[in-house]
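Structure at a glance
Below are the chains, spelled out letter by letter.
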Amino acid sequence: MNRNATASVLLAGVFWGTISIFVKALSAAGLSSLEISLVRMIVAAVSFTAVVALRSPEKLKIRPKDLWMFLGTGIVSVVLFNVFYFSTIVNSQASVAVVLLYTSPIFVMLLSAVIFQEKITGRKVLALGMTFAGCVLVAGLIGGSYSIPPTVLLTGLGSGLFYALYTIFGRFALEKYDTMTVTAYTFLFGLLGSLPLGQPLHLAQTMTAQPALILWGIGVGIVCTVLPYFCYTWGLERMESGRAAILVAVEPLVGAVIGMTVFHESHDLLKLIGIALILGAIILLNLKCRQEA
């Protein structure tokens, strides 16, 4: 097993898990969820593409027949994921949205078995079950009386599917292109798809009126977009898709820890057990053994 790849995917989850810090600041200033998504894509696309163009311009060359891969990572995955995920948050609870989002490893495991012939092992299934149970506990859904409406269930599962499709389209792209190429074109197509949804005129007016927001915008674009997507894509190139999809579930764990420490959210026993389950799943996937169960 490639330890560097494992560390890279885990680091991606950590970066993604910090997003609440930036989103709360930008949301408090009057930006909508889709406007925040557009800020992420603008900063990510401009900064990362500029770096690639200056350091390795040859990595921006792609064949027209391969555009479908980046339409997949940038628009099908990133843009549609944001639309479905934010819709779930608006129409239900953030905790419900997080749990439904993390059905994504199930989609990745099944699709990878069919498309890439990756084995569904007992260890993966156990780690997947521990991860999902951990997300349910971290989200605080056990013991509540909330009933999930059918439309919320559909949009939530849709967010999980589109989140999972980044891994699938990314795997195809990585067979032909470098990590930097895949990441750059994901952001560029993500930006193109986000522009008509993010109210760019209102976004520009708000950012101009409150210059401090520019720093928060750069933060959400670099810390929560460029760094995690690059780390995840780099790690994905070096490990099985199903394993990567479960490892990145460290994201809700980090989000829960930030919620408890920074925003003083509740930290009851069930939430702590959920954190332990997610950590246990990550450890289980990285235990060395002679045979997969």
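None of these values were measured; they are calculated from a predicted model. (Residues numbered from 1 in each chain as written. Predicted model: local features only at pLDDT ≥ 70, side-chain atom pairs only at ≥ 80, totals over all residues. Heavy atoms only, no water.)

All right, on to the pattern of salt bridges then. Here the structure, examined in full by the defined rule, presents six salt bridges. With a shortest N-O distance of 3.7 Å, K59 and D178 are connected by a salt bridge. Linking K59 in the loop between α3 (33–55) and α4 (67–91) with D178 in the loop between α8 (150–174) and α9 (179–194), this pair joins segments that are 119 residues apart in sequence. For K59, a relative accessible area of 24% corresponds to the partly exposed category. Residue K124 pairs with E240 through a salt bridge whose shortest N-O separation is 2.5 Å. You can see K124 sitting in helix α7 (residues 122–138) and its partner E240 sitting in the loop between α11 (212–236) and α12 (241–247), a full 116 residues away along the chain. Taking relative accessible area as the criterion, K124 reaches 3% and is therefore assigned buried. Each of R63, D66 and K176 takes part in salt bridges that share partners, so that together they form one network. (Salt bridge = Lys/Arg side-chain N within 4 Å of Asp/Glu carboxyl O. Helix = DSSP H or I, 4+ residues; strand = E, 2+ residues; numbered from the N terminus. Buried < 20%, exposed > 50% of the residue type's maximum accessible area, 1.4 Å probe, protein only.)

Okay, the packing of aromatic side chains next. Counted under the stated rule, the structure contains 19 aromatic pairs. For the pair F48 and F187, a centre-to-centre distance of 5.9 Å together with 90° between the ring planes defines the contact as edge-to-face. You can see F48 sitting in helix α3 and its partner F187 sitting in helix α9, a full 139 residues away along the chain. By relative accessible area, F187 is classed as buried at 0%. Ring geometry for F187 against Y229: centres 5.7 Å apart, planes inclined by 90°, an arrangement best described as edge-to-face. Here the residue F187 occupies a position in helix α9, and Y229 occupies one in helix α11, the gap between them amounting to 42 residues. Through pairs of rings, three or more aromatic residues link up here, namely W16, F48, F81, Y85, F86, Y102, Y163, Y166, F187, Y229, F230 and Y232. Directly above the aromatic system of W234 lies the positively charged group of R238, at a separation of 3.8 Å from the ring centroid. (Phe/Tyr/Trp six-rings, centres within 6.5 Å; stacked < 30°, edge-to-face > 60°. Lys NZ or Arg CZ within 6 Å of the ring centre and 35° of its normal.)

F70, F187 and Y232 are the most contacted members of the largest nonpolar core, which totals 82 residues. Excluding residues that lie within four positions of it along the chain, Y232 makes contacts with S8, V9, A12, W16, Y166, T167, A244, A245 and V248. (Core = buried A, V, L, I, M, F, W, Y, C linked by side-chain atoms within 4.5 Å. Contact = heavy atoms within 4.5 Å.)

A few words on unusual backbone geometry. Among all residues save glycine, negative phi is the norm, and among peptide bonds the norm is trans. Despite not being glycine, Q117 has its phi angle at roughly 55°, a positive value. Take Q117: it is sitting in the loop between α6 (104–115) and α7. Positive phi, close to 50°, is recorded for Q199, a residue that is not glycine. Looking at the secondary structure, you find Q199 in the loop between α9 and α10 (200–209).

On to the packing of α4 against α8. It is at 8 Å that the axes of α4 and α8 come closest, and there the two elements cross at 160°. By the angle between their axes, α4 is roughly antiparallel relative to α8. Our pair here, α4 against α8, has a crossing hand that is left-handed. In terms of residue class, the contact of α4 with α8 is made up of 16 nonpolar, eleven polar and no charged. (Axes fitted to C-alpha atoms, helices over the stretch in contact; angles between N-to-C directions. Parallel < 35°, antiparallel > 145°, perpendicular 65-115°, else oblique. Left-handed = near helix turned anticlockwise from the far one by under 90°. Nonpolar A, V, L, I, M, F, W, Y, C, P; charged D, E, K, R; others polar.)

A few words now on the environment of L270. In this fold, L270 is placed in helix α14 (residues 269–286). Residues L270 and L137 lie 133 residues apart in sequence; the distance between their C-alpha atoms is 5.7 Å. For L270, the contacting residues outside a window of four places in its chain are L137 and I142.

Chain-level pLDDT for the chain is 89 on average; 96% of the residues reach the 70-or-more range. By mean pLDDT, helix α5 (residues 94–101) is the weakest element of the chain at 78, and α9 is the strongest at 97. Scored below 50 in pLDDT, residues 289–293 makes eight contacts in the model with residues more than four places away or belonging to other chains. (pLDDT = per-residue confidence, 0-100.)

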